[in-house]
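A structural walkthrough
Letter by letter, the chains look like this.
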Amino acid sequence: MATWNHILLIDSNSPLMEQLNFFHDHTLLIITLITILVGYNMLSLLTNSFINRFLLHGQLIEIIWTILPAIILLFIAFPSLRLLYLLDETNKPSLTLKSIGHQWYWSYEYSDFKNIEFDSYMVPSAELNEGDFRLLDVDNRIVLPNHTQIRLIATATDVIHSWTVPSLGVKIDATPGRLNQTNFYMNRSGLFFG
C-alpha cells in the first residue's frame, strides 16, 4: 500500500509487475546518465575558454550526435516492446473473473463456477473501522488464489471505468458494450487495493 512518503513503485506481487519495475529502473538509469552527460557538457562549455581555430567542419561529431540518440532509443524500445507483448499475452488461464463496472459499484462473476456473482460497494467513510482505508475498502472483496493464472474480463454498463491493482501490474478499461481481457498471476497471498 502506498503512503504519502512513498517515492518508488509499489512492491510487486506478480512477475509482470516485477518486469515493469525492472524496466522502470532500466529507463531511469538511462535518463540519469543522459542528464549527467548533458549537464557536464553544459558546465564545461560555460567554464571553458579554449578555442580551436582549425575546427571548421564537424561531420564526425554530427554523425555521433545523430547515431548515439538512435542507439539509446533502441535500448529503451526493445525492452518496452517485449514488455508490451508480455502484458498482452494470455496463457491458459485456470480461473476467469468477469468484472462489470457500474456507476458506484462493481459486479463480479466467477465464470468457471455456477451462480457465483456478487456486488462490491465502497464502504462509506462513517462505517470504516480502525485501520481501514478510506475510498479503497469495499464490503465484498474478491477472493482469488495465488500461483494461478487468472483471466480478467472487464466491461461496464454505463460509462468507462478503470479496473486496476498496481501491485499486480494490472490496469484495464471497462467500456460499455465491449469485453476487454487481461491476465495476471499472483506470487503471494495478501490484501491488495486498487
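It should be emphasised that the depicted structure is a prediction, and the values quoted were computed from it without experimental measurement. (Residues numbered from 1 in each chain as written. Predicted model: local features only at pLDDT ≥ 70, side-chain atom pairs only at ≥ 80, totals over all residues. Heavy atoms only, no water.)

**Notes on the side chain of Asn180**
Our working rule: To qualify as a helix, a DSSP run of H or I must reach at least 4 residues; to qualify as a strand, a run of E must reach at least 2; elements of each kind are numbered from the N terminus. Any residue under 20% of the maximum accessible area for its type is buried, any over 50% is exposed, and the rest in between are partly exposed; the area is computed with a 1.4 Å probe on protein chains only. Throughout this description, a polar contact denotes any pair of N or O atoms lying within 3.5 Å of each other; where both atoms belong to protein, one of them has to be capable of donating a hydrogen while the other can accept it, and for residues adjacent in sequence the pair is counted only when both atoms sit in side chains.
Of note, Asn180 is situated in strand β7 (residues 180–185). For Asn180, a relative accessible area of 14% gives the class buried. A polar atom in the side chain of Asn180 sits 2.6 Å from the backbone oxygen of Asp173. Here the side chain of Asn180 touches Arg178 through a polar contact of 3.1 Å, side chain to side chain.

**Remarks on the pattern of salt bridges**
The line we're drawing: Note on definitions: salt bridges are taken to be side-chain nitrogens of Lys or Arg within 4 Å of carboxyl oxygens of Asp or Glu.
Here the structure, examined in full by the defined rule, presents 1 salt bridge. Salt-bridge contacts for Asp137 lead to Arg141; the nearest nitrogen and oxygen are separated by 2.7 Å. Relative accessible area serves as the criterion here: at 3%, Asp137 is assigned to the buried category. Arg141 gets classed as partly exposed once you look at its relative accessible area, which sits at 40%.

**A short note on the environment of Thr96**
Heads up, the condition is: Throughout, a contact is declared for two residues whenever any of their heavy atoms are within 4.5 Å.
In this structure, Thr96 sits in strand β1 (residues 95–101). The spacing of Thr96 and Phe113 is 17 residues in sequence and 9.3 Å in space, taken between C-alpha atoms. Non-local contacts of Thr96, meaning those with residues more than four positions away in its chain, are made with Glu109, Tyr110, Ser111, Asp112, Arg151 and Ile153.

**Focus: the pairing of strand β2 (residues 105–110)**
Filter applied, for reference: Here, a strand pair is defined by DSSP locating no fewer than two bridges between the strands.
Relative to β2, β1 runs antiparallel, the two being bridged by 5 bridges. Its bridge partner lying in β2, Ser99 is registered against Tyr108. Connecting β1 to the next strand, β2, in antiparallel fashion are 3 residues. Sheet analysis places β2 next to strand β3 (residues 117–121), joined by 5 bridges and oriented antiparallel.

**Describing the packing of aromatic side chains**
As a reminder of what qualifies: Here the aromatic set is Phe, Tyr and Trp, taking the six-membered ring for Trp, and pairing holds for ring centres within 6.5 Å; pairs whose planes are under 30 degrees apart are stacked, those over 60 apart are edge-to-face, and all others are tilted.
One pass over the structure, following the stated rule, counts 5 aromatic pairs. For the ring pair Tyr110 and Phe118, a centre distance of 6.2 Å and an interplane angle of 35 degrees mean the geometry is tilted. The exposure class of Tyr110 is buried, given its relative accessible area of 9%. Taking the centre distance of 6.3 Å and the plane angle of 25 degrees together, the rings of Trp163 and Phe184 count as stacked. With Trp163 in strand β5 (residues 161–165) and Phe184 in strand β7, the pair connects residues that are 21 residues apart, well separated along the chain. The pair formed by Trp163 and Phe184 is uniform in burial state, with each residue classed as buried. By the ring-pair criterion, three or more aromatic residues cluster together here, those being Tyr108, Tyr110 and Phe118.

Just geometry here; none of it tells us what the structure is for.
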